[in-house]
Amino acid sequence: MFVAIRDLRHAKGRFALMGAVVTLITMLVVLLSGLTAGLARGNTSAITDLPADHLVFSAPAEGQKLAFTESSITPSVQQEWASVDGVVSADPVRIAMTRASGSGSGSGSGSGRSAAVAVFAVPAGSALAPRVGTDRVVLSSKAAASLEVAAGDQIELTGQLVTVEAVSGDDEFSHAPVIWAATENAPSSGLTPGNATVIALTTTGGADLAAADQALGTRTLTVAESLSGIGSYTSENGSLQLMRVLLFAISALVIGAFFTVWTVQRSGEIAILKAVGASTGYLLKDALGQALALLAIGTALGTAAASAIGAAIRAFAGTAVPFVLALPTLLFPSAVMILLGLVGAAVSLRTVTSVDPLTALGSAR
Amino acid sequence: MTLHIDDVTLTYPDGEQRLTALDHVSLTAEPGTLTAIVGPSGSGKSSLLAVAATLITPDSGRVLLNGRDLAQLSRTETAKARREGIGIVFQTSNLLASLTALDQLLVIAHIAGRDIDAARIQAMDLLGAVGLVPQADKRPSQLSGGQRQRVTIARGLMNQPSLLLVDEPTSALDRHRGEAVLDLLRELTTDRNLTTVMVTHDHEHLATADAVIELTDGRIATLADGDAVEPGVVAIASTR
Ligand SMILES: Nc1ncnc2c1ncn2[C@@H]1O[C@H](COP(=O)(O)OP(=O)(O)OP(=O)(O)O)[C@@H](O)[C@H]1O
Ligand SMILES: [Mg+2]
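In this text, all values refer to a predicted model and were calculated from it rather than measured experimentally.

**Q** Report on the packing of aromatic side chains, specifying residues and quantitative values.
**A** The description of two aromatic rings rests on the distance between their centres and on the angle between their planes. All names here are of chain A. A full pass over the atoms with the stated rule returns seven aromatic pairs over all chains. Where Phe-15 meets Trp-262, the ring centres are 4.9 Å apart and the plane angle is 75°; that geometry is what we call edge-to-face. With Phe-15 in helix α2 (residues 12-48) and Trp-262 in helix α7 (residues 231-265), this residue pair connects regions lying 247 residues apart in the sequence. Comparing Phe-15 with Trp-262 shows no difference in burial state: the two are buried. Judged by centre distance (5.1 Å) and plane angle (85°), the rings of Phe-258 and Phe-259 are edge-to-face.

**Q** Outline the nonpolar core, listing residues and values.
**A** Core analysis: the largest hydrophobic core is formed by 86 residues, its most contacted members being B:Leu3, B:Leu55 and B:Val107. Examining the composition of this core, we find that eight residues originate from one element, helix α3 (residues 101-111) of chain B, more than from any other. B:Leu55 has contacts with A:Ala275, A:Asp356, A:Pro357, A:Leu358, A:Leu361, B:Ala50, B:Arg82, B:Ile88 and B:Phe90, leaving out every residue within four places of it along the chain. A:Ala40, A:Ile47, A:Val138 and A:Phe173 belong to the second largest nonpolar core, which has 31 residues in total.

**Q** Explain the packing of α2(A) against α7(A) residue by residue, including any values.
**A** All names here are of chain A. Running from N to C, α2 and α7 point in directions that differ by 170°, and their axes come no closer than 10 Å. In terms of orientation, α2 lies roughly antiparallel with respect to α7. Taken together, the residues of the contact of α2 with α7 break down into 21 nonpolar, nine polar and three charged.

**Q** Give me empty space enclosed by the protein: which residues, what numbers.
**A** Counted under the stated rule, the structure contains three cavities of 30 Å³ or more. Only β6 (86-89) and α5 (145-157) of chain B provide two or more residues apiece to the lining of the largest cavity. When residues in the lining of the largest cavity are grouped by element, the largest group, three residues, is from β6(B). Taken together, the residues of the lining of the largest cavity sort by class into five nonpolar, three polar and two charged. Considered as a void within the structure, the second largest cavity measures approximately 40 Å³ in volume. Together, A:Leu361, B:Leu49, B:Ala50, B:Ala53, B:Ile88, B:Val89, B:Phe90, B:Leu165 and B:Asp167 line the second largest cavity. Counting residues per element, the ones that place at least two in the lining of the second largest cavity are α1 (45-52), β6 and β7 (163-167) of chain B. Residues that form the lining of the second largest cavity fall into these classes: eight nonpolar, no polar and one charged.

**Q** Could you give me a rundown of the interface of chain B and chain A, with the residues and numbers involved?
**A** Counting residues at the interface gives 28 residues for chain B, matched by 27 residues for chain A. Connecting chain B to chain A are one salt bridge. Note that A:Arg6 is salt-bridged to B:Asp103, the shortest N-O span being 2.8 Å. Applying the counting rule to chain B against chain A returns eight residue pairs in polar contact (both at pLDDT 80 or more). At the level of secondary structure, the elements contributing two or more residues to the side of chain B that touches chain A comprise α1, α2 (75-85) and α3 of chain B. Of the residues forming the side of chain B that touches chain A, the biggest block, six residues, is contributed by α3(B). Class assignment for the residues of the side of chain B that touches chain A results in 16 nonpolar, six polar and six charged.

**Q** How would you explain the site of ligand 1 if you had to name every residue and give the values?
**A** All names here are of chain B. By nearness alone, 14 residues border ligand 1, and Ser-41, Gly-42, Lys-45, Ser-46 and Ser-47 come closest of all. One nitrogen or oxygen atom from the main chain of Gly-42 is found 2.8 Å from an oxygen atom belonging to ligand 1. Here an oxygen atom of ligand 1 and a side-chain polar atom of Ser-47 are 2.6 Å apart. The residue inventory of the shell around ligand 1, partitioned by class, reads four nonpolar, eight polar and two charged.

**Q** Can you break down the confidence of the model for chain A residue by residue, with the values?
**A** Mean pLDDT over chain A works out to 89, with 97% of the residues at or above the 70 mark. Confidence over residues 105-109 of chain A falls short of pLDDT 50; this stretch has three contacts with residues more than four positions distant or in other chains.

**Q** If you had to explain unusual backbone geometry to someone new, which residues and values would you point to?
**A** Residue and element names in this part refer to chain B. Unusually for a residue other than glycine, Asp-7 sits at a positive phi of about 55°. Since its relative accessible area comes to 36%, Asp-7 is described here as partly exposed. Positive phi outside glycine occurs at His-24, with the angle close to 50°. Here His-24 shows up in strand β2 (residues 17-29).

**Q** So what's going on with the sheet that holds strand β4 (residues 60-65) of chain B? Residues and values would help.
**A** All names here are of chain B. On the basis of which strands lie adjacent, the open sheet formed by four strands has the order β2-β1-β4-β5 and antiparallel pairing. Strands with a single pairing partner mark the edges of an open sheet, and in this sheet they are β2 and β5 (68-69). Together, β1 (3-14), β2 and β4 form the strand contacts of α1, whose direction differs from that of β1 by roughly 120°.

**Q** Which residues make up the pattern of salt bridges, and what values do they have?
**A** Side-chain pairing between opposite charges can occur once the charged atoms of the two side chains come close. Under the defined criterion, the tally for this structure stands at 14 salt bridges over all chains. Its salt-bridge partner being A:Glu165, residue A:Arg136 comes within 3.4 Å of it at the nearest N-O pair. Taken together, the residues A:Arg136 in strand β4 (residues 136-139) and A:Glu165 in strand β6 (residues 160-167) connect sequence positions 29 residues apart. Look at A:Arg136 and you get partly exposed, because its relative accessible area is 35%. Of the charged contacts, one joins B:Arg62 and B:Asp6 as a salt bridge, the two residues approaching to 3.3 Å between their closest N and O atoms. Linking B:Arg62 in strand β4 with B:Asp6 in strand β1, this pair joins segments that are 56 residues apart in sequence. You can call B:Arg62 partly exposed: its relative accessible area is 40%.

**Q** Requested: an account of the packing of α3(B) against helix α4 (residues 116-129) of chain B, with residues and values cited.
**A** Residue and element names in this part refer to chain B. α4 packs onto α3 with a crossing angle of 130° between their chain directions and a minimal axis gap of 9 Å. Between α3 and α4, the crossing angle belongs to the class labelled oblique. As α3 packs across α4, the resulting crossing turns out to be right-handed. Touching Ala-101, Leu-102, Leu-105, Leu-106, Ala-109 and His-110 of α3 are Ile-116, Ala-119, Arg-120, Ala-123, Met-124, Leu-126 and Leu-127, all from α4. Looking at the contact of α3 with α4, its residues break down into eleven nonpolar, one polar and one charged.

Each value, and the rule that gives it
- Residues numbered from 1 in each chain as written.
- Chains lettered and ligands numbered in written order.
- Predicted model: local features only at pLDDT ≥ 70, side-chain atom pairs only at ≥ 80, totals over all residues.
- Heavy atoms only, no water.
- Phe/Tyr/Trp six-rings, centres within 6.5 Å; stacked < 30°, edge-to-face > 60°.
- Helix = DSSP H or I, 4+ residues; strand = E, 2+ residues; numbered from the N terminus.
- Buried < 20%, exposed > 50% of the residue type's maximum accessible area, 1.4 Å probe, protein only.
- Core = buried A, V, L, I, M, F, W, Y, C linked by side-chain atoms within 4.5 Å.
- Contact = heavy atoms within 4.5 Å.
- Axes fitted to C-alpha atoms, helices over the stretch in contact; angles between N-to-C directions.
- Parallel < 35°, antiparallel > 145°, perpendicular 65-115°, else oblique.
- Nonpolar A, V, L, I, M, F, W, Y, C, P; charged D, E, K, R; others polar.
- 1 Å grid on protein atoms, 1.4 Å probe; cavity = no way out; pocket = protein on both sides within 12 Å on 5 of 7 lines; lining within 4 Å.
- Points joined across faces, edges and corners; volume = space filled by probe spheres on them.
- Salt bridge = Lys/Arg side-chain N within 4 Å of Asp/Glu carboxyl O.
- Polar contact = N/O pair within 3.5 Å; in protein donor to acceptor, adjacent residues only side chain to side chain.
- Near = heavy atom within 4 Å.
- pLDDT = per-residue confidence, 0-100.
- Pairing = 2+ DSSP bridges.
- Left-handed = near helix turned anticlockwise from the far one by under 90°.

Next comes the structure, spelled out in structure tokens:
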């Protein structure tokens, strides 16, 4: 790194420009990652937070994709799943999107607020939501906030008045805050009464889920796999991931182009170093070290700036902006940036290896 | 180390044909001697140095350094040979733009994996020998042409070579500096038992040389063997 460091210092302007590009792209990628994770949470947290390892869906019809909106499991299948070998617990959940309104508190003054919510209905006493009972619901904090109600208040859920037993958790499903309710209070729309949307399973390793699926006409997925059954999640996530991949590709290309031009420009100096005995390994280490230094500084600044912006979003917009500021959403994009940047810079290494030290004799500088 | 160039022929691609830069050239240079190479422009002087410096592999012939044939070495091995035993002073001062005069010398030590702090003393000594201590922290763009050339000479000595190849070291220097540089080369050659081969245009330099070789069109026109030859004789011989 003897020459690399001195080059960085000497050609400050050029490297600062390139560093700024790396910084900005990193910032974009990190912000986009935070937003992607935030949106994903808003779509899926109610599912990922379920105390389960697998979800059972009804098998989709030929040529149809598996979806929460299409799945319907009859009570008999629900019961049979509970007795499958290796299944520790099988808790049916009936999911429905509907509207709820804060229709009045104990004092009788209704907030009148209404909001779109995701109702997760379970049999009273279900392990998934133990505090739920007939006419007693549990609201996620966001549901409580948008309906402007608190524990003890009443809300109207599909024509029925129910009491808010508790406000707990911040689960969301398909961008709607979750209300846990008893099956009797579930919206009757859509599913046949008594049917569940999915069964949340906890299993031991030995469970033969495929055989049970075959026998019962169901399709069992891990919780992570089941997220693809949330339509709004797959479409959003797909386009956001595509943007991220494009940004990564752009950064690799830009960095590759920069280092290629830079290396060609200093091929005369590379020839001199070779002529005085520098091995190719020495020169490659020098060149890659330079790229790594530039990338490390650029991504560090970009990540710092993005987390500052993320923290500001948190402070001023609260939960209104779906944005997750966590170590994985910060470090993963930075690591990928550095890695792809190095891949880009590696393209220029071909020039380093191909320079003929003989040219050092002729070139004047 | 004895340099022994044995029947070397070197051609460069020249359109469809090949241009013969060296045509069956042989010479021997012993440790502690200064060999001068003279000849008109384009006669192959720099090419001969490039062959001796392992920077180019000849079409045929052998380049023996202490009995080892450099023409048979791989790229990695020639780099090692240059790093460890060969000092090269280019015809045009070939310096790295981002390095100070001192760093131009230190990078040689760094390439060889030597301790930089220990090398600093040696580098300052060499800069002192070429009269450049005040310019140690200057970059090439801040140095005059002659100063750059002197840095190049000091750099060529930095790896404590046993074979020193110098291409017109005084072309950008005034008479006084030129003589000083020549005296330095002469002194180093004797003191450190260097095998020095120097290309020059300046016939006054021939007086200090132990042997003079004249190249014309890639062929050796006159081979004057050092010990027996008086400077005057060489001058006559080289002009024929
Ligand atoms: N890399 C090269 N490719 C093709 N031809 C070359 C190359 N280097 C030198 N030549 C040719 O080889 C011949 C010898 O060149 P060389 O540089 O050895 O001459 P020289 O004696 O050092 O000349 P000068 O005194 O001008 O430095 C010249 O005709 C030159 O044009
Ligand atoms: Mg020449």
